[in-house]
Amino acid sequence: MKSLLLDFLRVTEASALAALPWVGSGDKIAADDVATKTMRQYLNQMEIQGTIVIGEGEIDNAPMLYIGEKVGLGNGPGVDIAVDPIEGTTPTINGQGNAITVIAAAPKGSLLHAPDMYMEKMAVGPKAKGKIDITASLKDNIEAVAKANDKKVSELNVLVQDRPRHHEYIDAIRAIGAKVYLFNDGDVIYATATCIPSKNIDMFFGVGGAPEGVLGAVALKALGGEMQAKLLPKDDEEWQRCMEMGIMEPENPLTHVQLVGSDDCIFAATGITENIFLDGIKEDHGNYFTHSILINGKENKLHYIKSQHERNAILNK
Ligand code: VTB
């Protein structure tokens, strides 16, 4: 998997550059379309037998990068690929922070095929790995993480997405005595932040997209942290979709191993706009600079990559 890292970097950089003209445009469909097309074009140049397991949706409503689509030249290793050509379409088209383009991969058969629905997620960095239990109370989890991270509960920093559905959790976490930091969008990056010591984030908790859950779970796995999750099918139709994707007991919590079944996993993300640890794309004298992270599970290594691109690297709008 490791040998594919730089190819994946090309994919996320190209997709982010393609999306750039649409930052602030108000046009979600066009932004997503150009990033998806570019991602697919670059993936199809890679020497892999890739299968999209997390993508733009099911075949009927996603013409490109649909779940089950084969990508690559078909002559290399078999890989499961999870993509989000724009993680944060709303911040992209509104010219706000927290938009990235992201891709994760692992050997064939090792990534959860997560349907597009809500998922409850709890994530921690390496020190607290093995100490959380999504089925236990928030209080028990917070106390366990505080102990593992050698902190008082009052020093514990928890990231939660700023949504009305989280008001109850936010009140509960503060009542327990820990601190809540709110973010607007992009829970892949914010879950990953639990594994970056300089960010001083002890825990991530909340309900967001299931596909984003698997993407974040790969980054956490590769950095030695832990994510646990629980799918939240809202009706019979979503329940049925879980079954069709091989999740026969959707009510059961998902361990990290069920989300990502291999340590040999890789993750690449490029900032479209800035976020907690990546700059967005910057222009300087006709050159564009992208800022990316590459994470390699075999070595538990995080690389920050700044690349320079000439103006013609940007697709015409
Ligand atoms: C979630 C989260 C994503 O959008 O899907 C969120 O996982 C959508 O949440 O990271 P709402 O339904 O509350 O708007 C993101 O934040 C960005 O795509």
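Owing to the predicted nature of the structure, the values given are computational and were not obtained by experimental measurement.

Each helix and strand in the protein chain was counted, giving nine helices and 13 strands. In summary, the protein chain has a C-alpha radius of gyration of 19 Å against a globular reference of 20 Å for 317 residues, a match within 12%. For the protein chain, the C-alpha atoms occupy an extent of roughly 55 × 45 × 40 Å along the three principal directions. Intrachain contacts of the protein chain at a sequence separation of at least 6 include 69% that bridge at least 24 residues. Accessible surface, the protein chain as shown: approximately 13,500 Å² in total, 47% of it carbon and sulfur. Taken together, the 30 basic and 43 acidic charged side chains of the protein chain have centroids lying 6 Å from each other.

What follows concerns unusual backbone geometry. Here the phi dihedral of L65 falls at roughly 55°; this positive angle occurs in a residue that is not glycine. Overall, the relative accessible area of 0% leaves L65 in the buried class. One non-glycine residue, N98, lies in positive phi territory at about 80°. Within the secondary structure layout, N98 lies in the loop between helix 3 (89-93) and strand 4 (100-107).

All right, on to the sheet that holds strand 8 (residues 203-209) then. Read across the sheet, five strands follow the order 7-6-8-5-9 without closing on themselves; strand pairing throughout is mixed. The open sheet is flanked by strand 7 (179-183) and strand 9 (226-231), the only strands paired with a single partner. The mean angle between the axes of side-by-side strands here comes to 20°, regardless of whether they run parallel or antiparallel. Summarising the sheet, strand 5 (residues 118-124) and strand 9 pair through six bridges and their orientation is antiparallel.

Our next topic: the packing of aromatic side chains. Summed over all chains, the structure comprises three aromatic pairs. Ring geometry for F183 against Y190: centres 4.2 Å apart, planes inclined by 10°, an arrangement best described as stacked. By the burial criterion, F183 is buried, and Y190 matches it. Between K306 and the ring centre of F289, over which it is positioned, the NZ or CZ distance is 5.1 Å.

What follows covers the domain arrangement of the protein chain. As assigned here, the protein chain comprises domain 1 (2-110 + 264-313) and domain 2 (118-259). Measuring from the centre of the C-alpha atoms in domain 1 to the corresponding centre in domain 2 gives 23 Å. The partner domain 2 presents 24 residues to the 28 residues of domain 1 that form the contact. Summing both partners gives a buried area of about 2,100 Å² for domain 1 against domain 2, and 74% of it is carried by carbon and sulfur. Of all residues in domain 1, E87, I276 and F277 bury the most surface against domain 2, accounting for 26% of the area lost on that side. On the surface where domain 1 and domain 2 come into contact, there are zero salt bridges. On the surface where domain 1 and domain 2 come into contact, there are five residue pairs in polar contact (both at pLDDT 80 or more). Elements with a contribution of two residues or more to the side of domain 1 that touches domain 2: strand 3 (78-87), strand 4, strand 10 (266-271), strand 12 (287-296) and strand 13 (301-310). In the side of domain 1 that touches domain 2, the residues fall into 18 nonpolar, six polar and four charged.

Let's shift gears to the pattern of salt bridges. All told, the structure shown has seven salt bridges when counted by the stated rule. In this structure, the salt-bridge partner of E143 is K139, at a minimum N-O distance of 3.0 Å. Here E143 pairs with K139, and both are found in helix 4 (residues 138-148), just four residues apart, close to one helical turn. Relative accessible area serves as the criterion here: at 43%, K139 is assigned to the partly exposed category. Across the pair R163 and D185 runs a salt bridge whose closest N-O atoms are separated by 3.2 Å.

Surrounding the ligand, one finds 13 residues, the nearest of these being E87, Y118, R163, R165 and D187. Contact distances for the ligand include 2.7 Å between an oxygen atom and a side-chain N or O atom of E87. In this structure, an oxygen atom belonging to the ligand sits 2.6 Å away from a side-chain N or O atom of R163. For the ligand, the protein covers 75% of the area, taking 420 Å² as the surface of the free molecule. Only strand 5 and strand 8 provide two or more residues apiece to the shell around the ligand. Here the shell around the ligand is composed, by residue class, of one nonpolar, five polar and seven charged.

So, on to the side chain of T12. Relative to the elements of secondary structure, T12 occurs in helix 1 (residues 5-19). Taking the relative accessible area as the measure of exposure, T12 reaches 0% and is therefore buried.

Reading the values: the criteria
- Residues numbered from 1 in each chain as written.
- Predicted model: local features only at pLDDT ≥ 70, side-chain atom pairs only at ≥ 80, totals over all residues.
- Heavy atoms only, no water.
- Helix = DSSP H or I, 4+ residues; strand = E, 2+ residues; numbered from the N terminus.
- Rg over C-alpha atoms; globule rule 2.2 N^0.38 Å.
- Contact = heavy atoms within 4.5 Å.
- Areas by Shrake-Rupley, 256 points an atom, 1.4 Å probe, with all protein chains shown as cover.
- Lys, Arg positive; Asp, Glu negative; His and termini not counted.
- Charge placed at Lys NZ, Arg CZ, Asp CG, Glu CD.
- Buried < 20%, exposed > 50% of the residue type's maximum accessible area, 1.4 Å probe, protein only.
- Pairing = 2+ DSSP bridges.
- Axes fitted to C-alpha atoms, helices over the stretch in contact; angles between N-to-C directions.
- Phe/Tyr/Trp six-rings, centres within 6.5 Å; stacked < 30°, edge-to-face > 60°.
- Lys NZ or Arg CZ within 6 Å of the ring centre and 35° of its normal.
- Domains from an automatic or database assignment.
- Buried area = accessible area lost by both parts, 1.4 Å probe.
- Salt bridge = Lys/Arg side-chain N within 4 Å of Asp/Glu carboxyl O.
- Polar contact = N/O pair within 3.5 Å; in protein donor to acceptor, adjacent residues only side chain to side chain.
- Nonpolar A, V, L, I, M, F, W, Y, C, P; charged D, E, K, R; others polar.
- Near = heavy atom within 4 Å.

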